[in-house]
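Listed below, chain by chain, are the residues.
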Amino acid sequence: MIKIKKFSINNYAIWDSFVLKANNGTLFHLRKFLNYHPEDRFKDHSIEIYKKNTLLSVFPAADVIIDDKRMLASHPGSSYGSFISKEDLSIKDAMDMVFQLIDYSVTEGFNGIQLTVPPAFHSKRVSNYIEYSLLFNGFDYYKREVTSTLTIEDDENKILNKFKSSHQRALRKSKTLGVETRITNRVEEFFSILKNNLKIRHNVNPTHTLEELKSLIKLFPESINIFGAFYGGQMIAGVLNIVVKEGVALAFYISHIEDFQELRPLNLLFFDIFKWGLQNKIKIYDFGTFTENGVANMGLGRFKESFGASGVFRDSLKILF
């Protein structure tokens, strides 16, 4: 019998232990990550799912008003959510969990549920049981984004051979002109580049404040780093990487100073990041999405393809009652 309970703060350690062992659990699903957000930012309504008094799945979520409807939404503070489950989840348990979550949400007075499913490469054992169960029980896709992913090869030459010839020339040029890359703790400098870059290109601010970024790096020093590209001692480009789970890293922020574009710092930067990934047993590098509300930024997509990346769906589904 499947039973659903609202997350209890007393189960903080149990939750995080479960996520670390789960089939599709990531850093974004840990209470340690979710709880770093200010208490008044989200109304947490995370779910614990039990079978015969044993934790079967967790569902990081919040109580959110969307289009005047009260929705149980996969946690807005996380890039993706949905059911975080054991590796041997059966189709029957997947179906029962979705059915019980709908029943719970109706009883709790929600007008619907919406969630973003972790991409397939986050699973130790790839399974679409949850997606099947959601669709079978009346969910529909409301957004399908595409994220660029790269499989990191087991040899530096193989990594380089994936680059298009133009990108290979660009990184050689960058080296020749004296650009250097390294992991750095110059967070303020990186954030300044990021903030200016986003303002110029999209007229938006970073998702995180500088203090939040510092807080996250302090919380997860082994999982978050900033790779910087430097010219004459000045940082001219940077990438903030998050190791979201064993073997998978995400480029959460990518930025550069436009005035130094001719030095091609990002081409060299990503090659050195991939070498770091090889040394640290990273199998999949996620460049992040190049679509917004399903519309592709073709230039950004081509840029990521030039390193050897290809696209994988990041799907969001919902149901209204």
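Scroll up for the structure.
On a predicted model such as this, the values are computed, not experimentally measured, just so you know.

Details of unusual backbone geometry
Then step 1. For K52, which is not glycine, the phi dihedral falls at a positive 55°.
Then step 2. With respect to the helices and strands, K52 occurs in the loop between strand 2 (47-51) and strand 3 (54-59).
Then step 3. Phi at K281 takes a positive value of approximately 60°, unusual for a residue other than glycine.
Then step 4. One can find K281 in the loop between helix 9 (265-279) and strand 13 (284-289).
Then step 5. Judged by relative accessible area, which is 66%, K281 ranks as exposed.

Examining the nonpolar core
Then step 1. Residues F28, F33, F190 and L240 are the most contacted members of the largest nonpolar core, which totals 37 residues.
Then step 2. Secondary-structure elements contributing two or more residues to this core are helix 1 (12-21), helix 2 (31-34), strand 3, helix 7 (187-202), helix 8 (210-219), strand 10 (224-231), strand 11 (234-245) and strand 12 (248-256).
Then step 3. For this core, the element with the highest residue contribution is helix 7, accounting for six residues.
Then step 4. Among the nonpolar cores identified, the runner-up in size contains 29 residues, and L150, A249, L263 and L268 belong to it.

So, the packing of aromatic side chains
Then step 1. Under the counting rule described, the total for this entry stands at 24 aromatic pairs.
Then step 2. Plain terms: the ring middles of F270 and Y285 are 6.2 Å apart, the flat faces sit at 70° to each other, and that makes the pair edge-to-face. Taken as a pair, F270 in helix 9 and Y285 in strand 13 lie far apart in primary sequence, 15 residues in all. Each member of the pair, F270 together with Y285, is buried.
Then step 3. Each ring, one from F303 and one from F307, has its centre 5.2 Å from the other, and the planes form 85°; the classification is edge-to-face.
Then step 4. The class of F307 is buried, set by a relative accessible area of 1%.
Then step 5. Ring-pair connections join several aromatic residues into one group, and the members of that group are F163, F270, F271, F274, Y285, F287, F303 and F307.
Then step 6. The positively charged end of R31 is found above the aromatic ring belonging to W15, 5.0 Å away from the centroid.
Then step 7. The ring of Y142 is capped by K318, whose NZ or CZ atom sits 5.5 Å from the centre of that ring.

Considering the sheet that holds strand 8 (residues 140-151)
Then step 1. Spatially, 4-5-7-16-8-13-12-11-10-9 is the arrangement adopted by the ten strands of the open sheet, whose pairing is mixed. Edge positions in the open sheet fall to strand 4 (61-66) and strand 9 (180-184), since each of these has one partner strand only. With strand direction ignored, the average angle separating the axes of adjacent strands in the sheet is 30°.
Then step 2. In the sheet, strand 12 pairs with strand 13 via three bridges, with the strands oriented parallel. When the bridges of strand 13 are listed, V248 appears paired with I284.
Then step 3. Packed on one face of the sheet, helix 9 meets strand 8, strand 9, strand 10, strand 11, strand 12 and strand 13 and runs near 35° to strand 11.

Some remarks on helix 6 (residues 165-176)
Then step 1. Here helix 6 is twelve residues long and its end C-alpha atoms lie 17 Å apart, about the 16 Å a rise of 1.5 Å per residue gives.
Then step 2. Of the positions making up helix 6, those classed as buried are H167, Q168, A170, L171 and S174. Summarising the axial view, the buried residues of helix 6 lie within an arc of 160°, below the 170-degree limit, and thus occupy one face.
Then step 3. Structurally, helix 6 contributes buried residues whose contacts are with helix 5 (156-162), helix 9 and helix 10 (298-305).
Then step 4. Just past helix 6, the residue G178 takes up positive phi, approximately 100°.

Structural notes on the packing of helix 7 against helix 8
When two helices pack together, their arrangement is captured by the angle between the axes and the distance separating the axes.
Then step 1. Two numbers describe how helix 7 lies on helix 8: the axes approach to 10 Å, and their chain directions differ by 130°. Put simply, helix 7 runs oblique to helix 8. In the packing of helix 7 onto helix 8, the handedness of the crossing is right-handed. Contacts between helix 7 and helix 8 involve V187, E188, F190 and F191 on the former and, on the latter, L210, L213, K214 and I217.
Then step 2. Per-class residue counts for the contact of helix 7 with helix 8 are six nonpolar, no polar and two charged.

About the criteria used
- Residues numbered from 1 in each chain as written.
- Predicted model: local features only at pLDDT ≥ 70, side-chain atom pairs only at ≥ 80, totals over all residues.
- Heavy atoms only, no water.
- Helix = DSSP H or I, 4+ residues; strand = E, 2+ residues; numbered from the N terminus.
- Buried < 20%, exposed > 50% of the residue type's maximum accessible area, 1.4 Å probe, protein only.
- Core = buried A, V, L, I, M, F, W, Y, C linked by side-chain atoms within 4.5 Å.
- Phe/Tyr/Trp six-rings, centres within 6.5 Å; stacked < 30°, edge-to-face > 60°.
- Lys NZ or Arg CZ within 6 Å of the ring centre and 35° of its normal.
- Pairing = 2+ DSSP bridges.
- Axes fitted to C-alpha atoms, helices over the stretch in contact; angles between N-to-C directions.
- Contact = heavy atoms within 4.5 Å.
- Expected span 1.5 Å × (residues − 1).
- Arc of directions from axis to C-beta.
- Parallel < 35°, antiparallel > 145°, perpendicular 65-115°, else oblique.
- Left-handed = near helix turned anticlockwise from the far one by under 90°.
- Nonpolar A, V, L, I, M, F, W, Y, C, P; charged D, E, K, R; others polar.

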